[in-house]
Amino acid sequence: MSVITIERKVLEKNDEIARLNRELVARHGILALNLVSSPGAGKTSILERMLERIKDRVPIAVIEGDVQTDLDAQRVARYGVPAVQIVTRGGCHLEANLVRDALAGLNLADIKILVIENVGNLVCPSNYDLGEAFKVVVASTTEGDDKPLKYPAMFRNASVLIINKIDLLPYISSNADTLQSNALSINPALTVFRTSCTTGEGIDAWCDWLIARASALKASR
Amino acid sequence: MHELSIAASIVEIVERSIPAEPAVPVLRVSIRVGRLAGVVNDSLEFCFSAVTSGTRLDGATLAIESVPVTLRCGECGKTSVIDDIAFTCPSCASPGVSLETGTELQVTEVEIADPPSGEQA
């Protein structure tokens, strides 16, 4: 028998496509974010509140990832922004090739902010680079304030944490300060926002921050 | 669930990395998996045996080297292996740590059978 040394990253193909995606959106001066959370944390609701506030100020588009159905894309389409649905048919996360194909369905020259809404899952999406500028992790207060400790990789790999459903805090035992300090113990560099999609609290601050980041980017052609 | 696509990627990498001829069986595939790689070993082994069925890797052992999470502290300079995933230095409690190991997901080595006698590899 003989032994062959390989030393290759298992996800090298995904990483390579992600690199090309990143180059492509950077060339068009697009800020792309990868929105991740567990199912039901409020990704799509936050996205809807964002579209209301951003679409008339900055051109925004959406890539929607779901395991089944295009229900989320239908929700997004009501806001009149370009949206492409990816249905993973059982796949637990988006991969870079799916995003590459979705990018082909968008007019990149007319986009400044691109939100890629990942499949609801706090494990698998953390390992798959899609070519985004950064990951935004949503954790809702009702999920418990220990979420960051249970899913450290996702919180470590994200740049922004949105603590959602803060309007429910009076009715539950979990604490937003504990959730935030747990997240910062995993990743001290996180930028944190606290939001409620029901009252709208905190959404403006998040949108303003995002628009400022997007405005700083310039297209290279 | 994503262990299935990881297993398929491993098979693809192995098939591209070994000589096509002689088409001897693959006996062992060694991989390195960090604790933060988000991979469940049992699930990966199950998926590996499923996707290798009928290929040159059929029956091959998947040897998994688990890699612990190691932090390097920017303050005191110490490197520590941690069991509880908290990103502060166990020595000086500084949060200014960088991840040294723990996110690996790599194919490292493949062992293939000898060609039947009379053939040259």
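Before reading further, recall that the structure is shown in the block above.
Residues numbered from 1 in each chain as written. Chains lettered and ligands numbered in written order. Predicted model: local features only at pLDDT ≥ 70, side-chain atom pairs only at ≥ 80, totals over all residues.

1. A few points about the overall build of chain B
So the rule is basically this: Under the DSSP-based scheme used, a helix requires at least four consecutive residues in state H or I and a strand at least two consecutive residues in state E, with every element numbered from the N terminus. For a compact globule the rule gives 2.2 Å times the number of residues to the power 0.38, and the radius of gyration it is set against comes from C-alpha atoms. A residue is called partly exposed when the number of other C-beta atoms within 10 Å of its own lies between 12 and 20, exposed at 12 or fewer, and buried at 20 or more, with C-beta atoms placed from the backbone. Distance between backbone-placed C-beta atoms decides contact: two residues are in contact if it is within 7 Å.
The number of helices and strands found in chain B is two helices and six strands. Traced from its N-terminal end to its C-terminal end, chain B shows the element sequence α-β-α-β-β-β-β-β. Taken over the C-alpha trace, chain B has a radius of gyration of 19 Å; the compact-globule value for 121 residues is 14 Å, which it surpasses by more than 25%. Per-residue burial for chain B yields a buried fraction of 33% across its 121 residues. Across chain B, contacts joining residues at least 24 apart in sequence account for 68% of those joining residues at least 6 apart.

2. Some words on unusual backbone geometry
The omega torsion across Glu 21 of chain B and Pro 22 of chain B is -10°, close enough to zero to call that bond cis. Residue Thr 69 of chain A is not a glycine yet carries a positive backbone phi of 70°. When you line up the elements, Thr 69 of chain A lands in the loop between strand 3 (60–66) and helix 3 (71–77). Residue classification places Thr 69 of chain A among the exposed residues on the basis of 10 C-beta atoms within 10 Å.

3. With respect to the environment of Pro 39 of chain A
Relative to the helices and strands, Pro 39 of chain A resides in the loop between strand 2 (31–37) and helix 2 (43–54). In this structure, the C-alpha to C-alpha distance between Pro 39 of chain A and Val 119 of chain A, residues 80 residues apart in sequence, is 7.8 Å.

4. Focus: the interface of chain B and chain A
Quick note on the threshold: Gly falls in the polar group here, along with every residue not listed as nonpolar (Ala, Val, Leu, Ile, Met, Phe, Trp, Tyr, Cys, Pro) or charged (Asp, Glu, Lys, Arg). Strand pairing is assigned whenever DSSP detects at least two bridges linking the two strands.
At the interface, 28 residues of chain B touch 25 residues of chain A. The residue makeup of the side of chain B that touches chain A, split by class, is 18 nonpolar, seven polar and three charged. In this sheet, strand 6 (residues 105–112) of chain B lies alongside strand 1 (residues 2–9) of chain A in antiparallel orientation, the contact comprising six bridges. Paired with Arg 8 of chain A across the two strands is Val 107 of chain B, which belongs to strand 6 of chain B.

5. Here we look at the sheet that holds strand 1 (residues 26–34) of chain B
The condition is simple: To define axes, lines are fitted to C-alpha atoms, for helices over the stretch in contact only, and angles between the resulting N-to-C directions are given on a 0 to 180 degree scale.
Taken in spatial order, the four strands make up an open sheet running 1(A)-6(B)-1(B)-2(B), and their pairing is mixed. Across the chains shown, the open sheet's two edge strands, defined by having one partner strand only, are strand 1 of chain A together with strand 2 (61–67) of chain B. Across the sheet, the mean angle separating the axes of adjacent strands is 15° when strand polarity is ignored. Bridging between strand 1 of chain B and strand 2 of chain B involves seven bridges; their strand directions are parallel. From the neighbouring strand, Val 33 of chain B faces strand 2 of chain B, where its bridge partner is Ser 66 of chain B. Packing against the sheet, helix 1 (residues 3–17) of chain B makes contact with strand 1 of chain A together with strand 1 and strand 6 of chain B, and its axis sits at approximately 50° to strand 6 of chain B.

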